[in-house]
Amino acid sequence: MGLKLLNRRCNLHFIALVFIAGGLFACRPARQIHEHEYLLDRYKIESSSRDIDRNEIRDHVRQKPNKRILWMRFHLWLHNIANPEKDGWPHNWLRRIGEEPVIYDHFTTSRSVTQIEQYLRNKGYYNAHVEDTVRTRNRRARVTYRIDPREPYHIASLNYIFEDKGLRDIILQDTINSLVKPGSIFDVDVLQNERIRIEDYLTGKGYFNFTREHVFFDADTTAGGMRVDLTLGISNYRKRGEDGRAVQVPHQRYLIGDIFILPSYNPREALDRPDDYLSNLDTLVFRDMTYLYRNELPVSQRVIAQSNFILPGELYNRENVDRTYRHLFALRQYRLVNIRFTESPGNSPVNLPHEGPVNAGDTLDHPANAEDKNGTHLLPALDAWIQLSPFNMQSYTVEFEGTNSSGDFGFGGNLIYQHRNIFGGAEILDFKVKGAIETLNEYYTRSYRNTYEYGAEIGLQIPRFLLPIRSISFVRRYNPRTNLTLAYNYQRRPDYIRTIANAGFGYSWRGSPNIMHVVNPVELNLVNLPFSTPLFDSLIHFYNLEASFRDHVVTETNYSLIFNNQDIRRARDFIYFRFNVETAGNILGGISRLADLPKRDGYHRLFGTQFAQYVRADIDFRYYQNFYDDNSLVYRLFAGAGLPYGNSTALPFEKKFFSGGANSIRAWRVRSLGPGSFHEPSDRSFPNRTADIKLEANIEYRFNMFWLLKGAFFLDAGNIWAIDHNDKRDGARFALDRFHDEIAVGTGVGFRFDFSFFIFRVDMGLKLRDPAEIQGQRWIPLNRRFNYNNDVHFNIGIGYPF
C-alpha cells in the first residue's frame, strides 16, 4: 500500500535521489570528532602560472579529505553509522569497510608545503614560494595551497665529459635525440629520463653492462641570471678486480655467441641437480641455435626460432631480448620464459659498423676496439640461455553458468577441451560443446515456456599466415595468426526452431603495440528455419522480418581495426577504438549475373538457398578517464549501419542492429527499444526489435564502495532505425529531420562484485525519455507519471558493459 501511494503521488526516481542525499547528508560527518578538531573538508591548489601541473602536485599533498562518491562521503558515512561504544557486528564491520574522519593537522599541512616546494625545485623553480591558508567553519577545515613559482632556472649550455673515451663519439652522434636542450627549463625529471634514454641507446649497441647509473650530471649556477651550465658525464664501468678490489675499466661491447634453448626447462629439477641436469639432455642444432631437450621437442624448433630475435654474431641488443620475451609469451605455450647471459671464453671477430672515430684518442687502447693481425675487431661474446617452461599441453574444463537473456532466466553448461600444441607447431585447438535451457516469457502469449539451445564449436589458431604471406620477416615483425573456426548451433523455442552452421578462415596481426588488424577473407553462415508457428509467422510479417528470418546463406568478407593504448601497469587515461566493415554475396552475385543464372522466387540461390548480399559497418569509440580515489568516467559512442542490395531486400536477422539490455541502453530490455518512435499494439508485443541503423552514447561514473563491491551511475542514450522503404511500422524509418527527436534516454545505478577473475554485475535502469510515447508525454517525469512496471528494468551481466 505504501509503495502504491508513493507511485501515485510522485516520481520514484526523485524519491530515491532525495532519500540517498538526505541519508548521507544527515549523517553529520563531523559528529564523531572531538572539540577543537576540524574535519578536513576540501583542499585546493592555486597557482599564478599555467605551466604548473596541478595533477602532479596533488600527489605531494600529504593529507587529503575523506573519499567522495560524487559529492557524498560514502565511506565516512559507513564509519559514522557504527556505534563507537559497541564492538560487535555490524559495528566493527562498518568501521572496517568505512573510513575514519580525516582530522585537519597543521603539521601534516606544513609537510605538504615542503613536499610541494621540493617538487617545484625538481622542476626548476628553485625560488618558488608555497603557502597554505586554512578556513574553518562548522567544524570543517578547507585548505588552500597558493603557489608562486617565480622565474625558473634554464639550461644555458650543455657540455659532455667522458671517463670512458670510447663512448664519446657514439653518444655525441646521437645528441639530436637528447631530451636535454639548452634553453629549456632545468627539470630533474627530464635529466632522469635522459639517463634512461642513454641506457636504452647503448644497450642497443652491444654495451651489455651499461646502466643509467653510469650517467651523471653536474650543474653550475655561478654564472647567475637564473641560468645553469650543465655537464653530462659518462663514468667507467666498475667491477671487482683479481685482488678483490673495485676497479674502473672502460665499458665493453659484446657480441652474441652461442644460443642454447631449453624448450622444456624444469626449474625445480635444475635446482635439485645442477651438476648433471644439462648432461642428460639431447642436442639439436637448428639455424645456429642449440636445442637441449629430453625425448622430443614439445614445440617445433622452427616456431621457436622465428620468435627469437637474439642471433649469433650480432651485437647484443636489449630491445631484441624484450622482443623475444614478447613473441615467446604470445605463443601461449609457456608459463615461464627466462633469458640469461653468460660470458663466453675467448673473443669473436666482427666488422663493426662505421660510427665515426671509435675513440677520441688512442682507439686501440679501448678493449672494445682490439684488433687481430688482420685488422678485424675482436669482441667478447655472450652466450644466451633461453629457458622455456611449457604449460600442460592438454586441458579439460567443465563450466556451469546461470543465464539471463532479456530477463529470461536459465542455466547452461560447457565442456571445453584445449590442446595447446596439436600439430607440434604451437597450434592451439579449442573444442567446446555447450547446452542451455531457459524459461522464456512470451509477451505476446503471456505465458512461460522453455527454450533449448545446443551447440558445438571448434577453433584452430596457427601462429603464422598460411597464405599468401609466409615469410619469416613478416612473422617476426607482425606476429600474425591464422584462425580457422567451425560451429553448429541448434535453437529450439516454442515459436520456432533455427539452426546455424558457421565456418570461417581469417588472419589477425599486430601493426603496432596498440593496433590489431583482423581480416576474415571467407566466412560462411548457413541459417535454416525448419519450423515456425503460425503466430510467429504473423508476427514477423507484421514487423517486416520475413526476409531476415528466411533460410539464407551468408558468404562474407570482413575486416576489423582495433586500437587500444591501455597500460595495465599504470592507471592512466586511455582510448579504445574499433572499426568493423563487412560485405557479403558480391562474388556470388557477380557470377550469377555474368552467367545469367535463373532466379527462383525472385532470388539467386546457392545449393537451393538464397544467398544474402549486403554491406555493413560500425564504429565503437571509448574513452576511459581515471580520477583519484579509484573513481573513473567512461565515455562511449557507437554508430553502425547496414544496407541490403542485389539479392537481398533485408539484412539477415543476425546482422541487424538492436538496442537495450545489459550492454546497451539499460532502461530497456534487450531488443525491446525502437525502431525510431514505433509504438506497438499491446497485444502484439514482440521482444526482437531490430533495424538497419544504430546510434548510441553512454556515460558511466565508476567508483569503489567496500569489500568486493563497486558501484556506478550511468546515462545511456540512443536508438535504432530502419531504412527499408517497405517497412510499414509507423515511425520506424530513419529521417534526418526527426531522428534527433527519437533518441531514447535512460539512467540508473549499478553494483558490481569484483571477484578478480570475473565481475558479476547488476544494473537498474530507469527510463527518462521514451520515444515510443506520443509527443508531449516522452519525458519522465516531466510529461507523465512514473510507472514502475514499465519504466524500471534490472540487468544482470558478467563483466563491465564496455
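Describing the sheet that holds strand β2 (residues 129-137)
One open sheet holds the three strands; their spatial order is β1-β3-β2, and the pairing between them is mixed. Whereas interior strands pair on both sides, the edge strands pair on one side only; in this sheet they are β1 (39-47) and β2. Averaged over all adjacent pairs, the angle separating strand axes in this sheet is 20 degrees, with direction ignored. Note that β2 and strand β3 (residues 140-148) share nine bridges and pair antiparallel.

Remarks on the packing of aromatic side chains
Under the counting rule described, the total for this entry stands at 32 aromatic pairs. When the centroid spacing of 6.3 Å and the interplanar angle of 25 degrees are considered together, the rings of Y126 and F186 count as stacked. Here Y126, found in the loop between α6 (106-122) and β2, pairs with F186, found in the loop between α7 (168-172) and α8 (188-203); they are 60 residues apart in sequence, far enough to count as distant. Ring geometry for F505 against Y507: centres 5.2 Å apart, planes inclined by 75 degrees, an arrangement best described as edge-to-face. An aromatic cluster of three or more residues is present, and its members are F74, W77, W89, W93 and F706. Its end group placed over the ring of F658, K694 keeps NZ or CZ at 5.7 Å from the ring centre.

Considering the confidence of the model for the chain
Here the chain averages 85 in pLDDT, while 88% of its residues score no lower than 70. Throughout residues 1-27 the model reports pLDDT below 50, and contacts reaching past four residues in sequence, or to other chains, amount to 21 contacts. Contacts of residues 353-375 to residues separated by more than four positions or lying in other chains number 43 contacts, the stretch itself having pLDDT below 50.

A closer look at α6
Think of an α-helix as turning once every 3.6 residues; residues three or four places apart then point the same way. With 17 residues, α6 should cover 24 Å at 1.5 Å per step; its first-to-last C-alpha distance of 25 Å lies within 8% of that length. Just downstream of α6 lies G124, where phi reads positive at about 100 degrees.

Focus on the pattern of salt bridges
One pass over the structure, following the stated rule, counts 45 salt bridges. A salt bridge links D200 to R318, with the shortest nitrogen-to-oxygen separation between them at 2.3 Å. In this pair, D200 sits in helix α8 while R318 sits in helix α11 (residues 318-330), placing the two residues 118 residues apart along the sequence. The exposure class assigned to D200 is partly exposed, which follows from its relative accessible area of 41%.

With respect to the nonpolar core
Among the nonpolar cores identified, the biggest contains 26 residues, and I259, I261, Y291, I304, I310, F341 and L388 are the most heavily contacted of them. The set of elements that each furnish at least two residues to this core consists of β9 (255-262), β11 (289-293), α10 (301-306), α11, β12 (334-350) and β13 (377-390). Among the nonpolar cores identified, the runner-up in size contains 20 residues, and Y153, L191, F210 and V228 belong to it.

Quick word on the sheet that holds strand β6 (residues 227-234)
In space, the three strands of this open sheet follow the order β4-β6-β5, with mixed pairing throughout. Each edge of the sheet is formed by a strand with only one pairing partner; in this case those strands are β4 (154-162) and β5 (215-220). Neighbour to neighbour, the strand axes of the sheet diverge by 25 degrees on average, direction disregarded. Where β4 lies against β6, eight bridges are found, and the strand directions are parallel. Bridge pairing links L158 to L230 in β6.

A short note on the pairing of β11
The buried fraction of β11 amounts to five of the five residues, a majority that puts the element mostly inside the structure. Neither face of β11 is left uncovered, since the one carrying M289, Y291 and Y293 and the one carrying T290 and L292 both have all their residues buried. Bridge count between β9 and β11: two bridges; the pairing is parallel. Paired with F260 across the two strands is T290, which belongs to β11. Here five bridges tie strand β10 (residues 282-286) to β11, and the two strands are oriented antiparallel to one another. Its bridge partner lying in β11, L284 is registered against Y291. A loop of two residues connects β10 with β11, the two strands running antiparallel in sequence, and R287 in this loop sits at a positive phi of about 50 degrees.

Reading the values: rules and limits
- Note on numbering: residues in each chain are counted from 1, in written sequence order.
- pLDDT decides what is reported in this predicted model: residues at 70 or higher carry local features, side-chain atom pairs at 80 or more are listed and counted, and totals for whole chains, interfaces and linings draw on all residues regardless.
- As a rule here, side-chain values come from all non-hydrogen atoms in the structure, and water together with hydrogens is ignored.
- Should DSSP find at least two bridges between two strands, the strands are regarded as paired.
- Helix numbering and strand numbering both begin at the N terminus, where a helix is a DSSP run of H or I of at least 4 residues and a strand a DSSP run of E of at least 2.
- The convention used is that axes are lines fitted to C-alpha atoms, helices contributing only their stretch in contact, and that angles between N-to-C directions extend from 0 to 180 degrees.
- Here is the rule: rings of Phe, Tyr and Trp (six-membered ring for Trp) pair when centre to centre is within 6.5 Å. Planes less than 30 degrees apart are stacked, more than 60 are edge-to-face, and the remainder are tilted.
- Whether a charge sits over a ring depends on NZ of Lys or CZ of Arg being within 6 Å of the ring centre and within 35 degrees of the ring normal.
- For every residue, the predictor reports its confidence as pLDDT, a number between 0 and 100.
- Every residue pair with non-hydrogen atoms within 4.5 Å of one another is taken to be in contact.
- An expected span of 1.5 Å times one less than the residue number is assigned to each helix.
- One speaks of a salt bridge when a side-chain nitrogen belonging to Lys or Arg is within 4 Å of a carboxyl oxygen belonging to Asp or Glu.
- Here the term buried applies to any residue with accessible area under 20% of the maximum for its type, exposed to any over 50%, and partly exposed to those in between, with areas from a 1.4 Å probe on protein chains only.
- Only buried residues count toward a nonpolar core, which is a set of Ala, Val, Leu, Ile, Met, Phe, Trp, Tyr and Cys residues joined through side-chain atoms within 4.5 Å.

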